[in-house]
Amino acid sequence: MVKKKVLILGGDGYLGWPTAMYFSRKGHDVAVVDNFIKRQWEAEVEAEPLIPIPSLQQRIRIWKQATGKKIRMYVGNLAHERFVARIFRDFKPDVIIHYGEQPSAPFSMMGNERTNETQINNVVGTLNVIYSMKRSTPEAHLIKLGTMGEYGTPNIDIEEGWITITHKGRKDRMLFPKKPGSFYHLSKVHDSNNLEFACRVWGLRVTDLNQGVVYGMETEETKLADGLHTSFHYDDIFGTALNRFCVQAVAGVPITPYGKGGQKRGFLNIVDTLRCVELAALHPAKKGEFRVFNQFTEVFSIRELAEKVKSAAADMGIRAKIRHVRNPRTELEQHYYNPVHRALPKLGLKPHLLSDVLVESMLAKIIEHKDLINEEIIMPRVLWVSKTE
Ligand code: USQ
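Since we're looking at a predicted model, the values are computed, not measured.

1. Here we look at the pairing of strand β1 (residues 5-9)
Here's step 1: Counting buried residues along β1, four of its five residues qualify, which places the element largely inside the surrounding structure.
Here's step 2: Both β1 and strand β2 (residues 29-34) contribute to a ladder of five bridges, which runs parallel. Counted as the bridge partner of K5 is D29 from β2.
Here's step 3: As a crossover connection, the stretch from β1 through helix α1 (residues 16-25) into β2 is right-handed.
Here's step 4: Here four bridges tie β1 to strand β4 (residues 95-98), and the two strands are oriented parallel to one another. Residue L9 lies in a different strand from β4, and its bridge partner there is H98.

2. Details of the packing of aromatic side chains
Here's step 1: In this structure the tally under the stated criterion is six aromatic pairs.
Here's step 2: Taking the centre distance of 5.8 Å and the plane angle of 70° together, the rings of Y22 and F23 count as edge-to-face.
Here's step 3: For F23, a relative accessible area of 1% puts it in the buried group.
Here's step 4: Here Y151 and F176 contribute two aromatic rings whose centre-to-centre distance is 5.5 Å and whose plane-to-plane angle is 90°, an arrangement assigned as edge-to-face. Residue Y151 is found in the loop between β5 (141-147) and β6 (162-167), and its partner F176 is found in the loop between β7 (170-175) and α7 (183-202); the two are separated by 25 residues along the sequence.

3. Description of the sheet that holds strand β10 (residues 264-269)
Adjacent strands of a sheet pair through backbone hydrogen bonds, lying either parallel or antiparallel.
Here's step 1: In spatial order, the strands read β9-β10-β12; together these three strands make up an open sheet with mixed pairing. The sheet terminates laterally at β9 (213-215) and β12 (298-301), the two strands that pair on one side only. In this sheet, adjacent strand axes meet at a mean angle of 45° when their direction is disregarded.
Here's step 2: Taken together, the four bridges between β10 and β12 define a ladder with antiparallel strand orientation. Counterpart to K264 in the pairing with β12 is S301.

4. Side note on the environment of G261
Here's step 1: Within the secondary structure, G261 sits in the loop between α8 (241-251) and β10.
Here's step 2: With relative accessibility at 0%, the residue G261 sits in the buried group.
Here's step 3: What G261 contacts, discounting residues up to four positions off in sequence, is S301, I302, R303, H324 and E333.

What counts as what
Residues numbered from 1 in each chain as written. Predicted model: local features only at pLDDT ≥ 70, side-chain atom pairs only at ≥ 80, totals over all residues. Heavy atoms only, no water. Buried < 20%, exposed > 50% of the residue type's maximum accessible area, 1.4 Å probe, protein only. Helix = DSSP H or I, 4+ residues; strand = E, 2+ residues; numbered from the N terminus. Pairing = 2+ DSSP bridges. Right-handed = clockwise from strand over helix to strand, strands pointing away. Phe/Tyr/Trp six-rings, centres within 6.5 Å; stacked < 30°, edge-to-face > 60°. Axes fitted to C-alpha atoms, helices over the stretch in contact; angles between N-to-C directions. Contact = heavy atoms within 4.5 Å.

In structure tokens, the structure reads:
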């Protein structure tokens, strides 16, 4: 790719930091933005990552020592319009990669205050990005992290963002109907609607990456020096299913499918997330185009996932147990699930499959840090419907 100015929003996060290193290593001029609110939320809900993470400033220094490459940093809140406007005027990005959102469904369901924090942070942050693009960089390409959870689990095939509907003899191309499962997932639906409007009316270019559940701890860049690793959560709030199940197996506590475990989701390796974002950047959306890619590589039910972790653990001499726990969420536990995901493979995505990484880059790595596992933060605490309701 020709050298570009790449602005990464949420550059201190699980995906933001590896993305910053990935683009920097390829020779792009990279700047990261973060206000470290995620670290504060983690402290508030007692959810530390498995391996402690150096500060963003330290990681940028380690990166410079390891590769000679510089990453610029802006510290501030995306929900403050003037701050966002200043970054766009100063850095003038060609590509904006937006991960700067509260990413947890359980966090968004902890109570009204957390719901508001999630939606204000996510929706207003994205609106401010839209305003700044319109004003300062109208030709730039926004790559926005959406989620497969925007669609929910409808009883029809899930298309890539758009669907052609015939109604009473007339036809139109509409955004695919959404039925999300939490206030977090809803915040991304609101973002998608706002972004589609901004493309249609102001001619912006946006790729919305509706990503499945990401797993994994390592990328090529995190391995280049000590201290470059990314945050890996296994708690009930910020930890996602597969990452949690691997830690549960290593800790010797039961693996916890919620309810029947027939919930199906799309999954992908963190390494593939980086490649998908790169492919989107290499093939930008057209002016005025709101483009949606469904970003995952494999579909599993939660029960299958638990079985896979159990059997990979057995290969390493660990006898993991599976215990179905009462589902804290309101979601379908048996359902039809057939999401389309053609666009990214068509652009050249070659998936890294779960079976190839489960033992070596996940379980083996977690075993190295087994002493750091805090068993107190594993069981689910947040109910979608409280017992008194
Ligand atoms: N689940 C279990 N047991 C657990 C944890 C989760 O059965 O111990 C189940 C949940 O009930 C759910 C499924 O696993 O049915 C996925 O839950 P998750 O916590 O792994 O993922 P989710 O809440 O959907 O959110 C995560 C990320 C979010 C991203 C989303 C993609 O936190 O940022 O948008 O995955 S997707 O799931 O495709 O919407």
